[in-house]
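# Observations on the model geometry
Chain by chain, the residues run as shown.
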Amino acid sequence: MASDRQGSPKRSPAAVSDIYGRLTLIEFIDKRPNPAGEMVQWVLVECSCEDLTRKELRLESLRSGNTKSCGCLSREKTIERATKHGDHQTRIYGIWASMKHRCKSPNIRSAHRYVERGISVCEEWQDFVPFRDWALANGYADGKEIDRRDNNLGYNPQNCQWVTKLENLENRSNHLPESLEAWLHAYALHAGCSPYEVIKQALESYLGVLRTDSI
Ligand SMILES: [Zn+2]
């Protein structure tokens, strides 16, 4: 009834690019039946967090504010709660949580390096405490990153170690895209140095350019 419509609060129609919390409306998908059998609008949204996760949901749960992120907000709250354990453990907790997330989510940008290659977290490390105990007993320090010795294998005590950022970068040079790796080795051969040295010099020069640009 017209009077009903006048009595309800007016809302401007939803549009592509609208932002709700961390979510941006990307696309109107289609109408699907809800549990009561009514057809309701579904939309595709993208989260503004690092992974730019996309998901489908009911337009109404977006507009009502029930859903504000891809799930990253509640993950961050979990990490916040872990601050009770102290700073050290908070950083380890963050590393643990993002390791698990990387190996679980098919939607993140780096999915081709983890989920799609079957890289997983071992049974033991599904819980935080065993992971933390392993970390503290095996060379964890602030500023170090977790590294897989064999990039074709998953996260487990046998395959993992703690390395500095630079060591991690060096290890990753084995896992560049093929074309880039071929170019890197050809260049290194030509320059008479190691591929790692080429990466280091390129990085230094890149950071140097950044510094000049920001003046
Ligand atoms: Zn998110």
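Please read these numbers as outputs of a predicted model, since none were measured by experiment. (Residues numbered from 1 in each chain as written. Predicted model: local features only at pLDDT ≥ 70, side-chain atom pairs only at ≥ 80, totals over all residues.)

## Some thoughts on the overall build of the protein
Counting its regular elements, the protein contains 8 helices and 6 strands. Secondary structure of the protein in N-to-C order comes out as α-β-β-β-β-α-α-α-α-β-β-α-α-α. In the protein, buried positions account for 9% of the 215 residues. Restricting the contact set of the protein to residue pairs at least 6 apart, pairs at least 24 apart contribute 32%. (Helix = DSSP H or I, 4+ residues; strand = E, 2+ residues; numbered from the N terminus. Buried ≥ 20, exposed ≤ 12 C-beta atoms within 10 Å, placed from the backbone. Contact = placed C-beta atoms within 7 Å.)

## A closer look at the nonpolar core
Counting residues in each nonpolar core, the largest one holds 8 residues, listed as Ile92, Tyr93, Trp96, Trp125, Phe131, Ala135, Tyr155 and Cys160. A per-element tally of this core places helix α4 (residues 87–104) first, with 3 residues. In contact with Tyr155, not counting residues within four places along its chain, are Met99, Cys103, Val121, Cys122, Trp125, Arg148 and Cys160. Judged by nonpolar contacts, the second largest core, of 7 residues, contains Tyr20, Val43, Leu62 and Cys70. (Core = buried A, V, L, I, M, F, W, Y, C linked by C-beta atoms within 7 Å.)

## As for unusual backbone geometry
Positive phi values are uncommon outside glycine, yet Ser17 reaches one of about 85 degrees. Within the secondary structure layout, Ser17 lies in the loop between α1 (2–7) and β1 (19–20).

## Quick word on helix α5 (residues 128–137)
Side chains of residues three or four places apart in an α-helix project in the same direction, reflecting 3.6 residues per turn. Considered for burial, the residues of α5 that qualify are Phe131, Arg132 and Ala135. Buried residues of α5, viewed axially, fall in a sector of 100 degrees; they line one side. Exposed residues lying more than 90 degrees from the buried face of α5 are Val129, Asp133 and Ala137. (Arc of directions from axis to C-beta.)

## Quick notes on the sheet that holds strand β2 (residues 23–33)
Taken in spatial order, the 4 strands line up as β1-β2-β3-β4 in an open sheet, and their pairing is antiparallel. Of all the strands in the sheet, just β1 and β4 (54–58) have a single pairing partner and so form its edges. Strand direction decides the pairing type here: β1 and β2, joined by 2 bridges, are antiparallel. Within β2, the position partnered with Ile19 by the bridge is Thr24. (Pairing = 2+ DSSP bridges.)

## Here's the deal with the confidence of the model for the protein
In regions of low pLDDT, the predicted coordinates are not meant to be interpreted in detail. For the protein, mean pLDDT is 82; residues scoring 70 or higher make up 83% of the total. At the low end of the mean pLDDT range in the protein sits α1, at 41; at the high end sits strand β3 (residues 39–47), at 95. Low confidence marks residues 1–8, where pLDDT is under 50. Its contacts with residues over four positions away, or in another chain, come to 0 contacts. (pLDDT = per-residue confidence, 0-100.)

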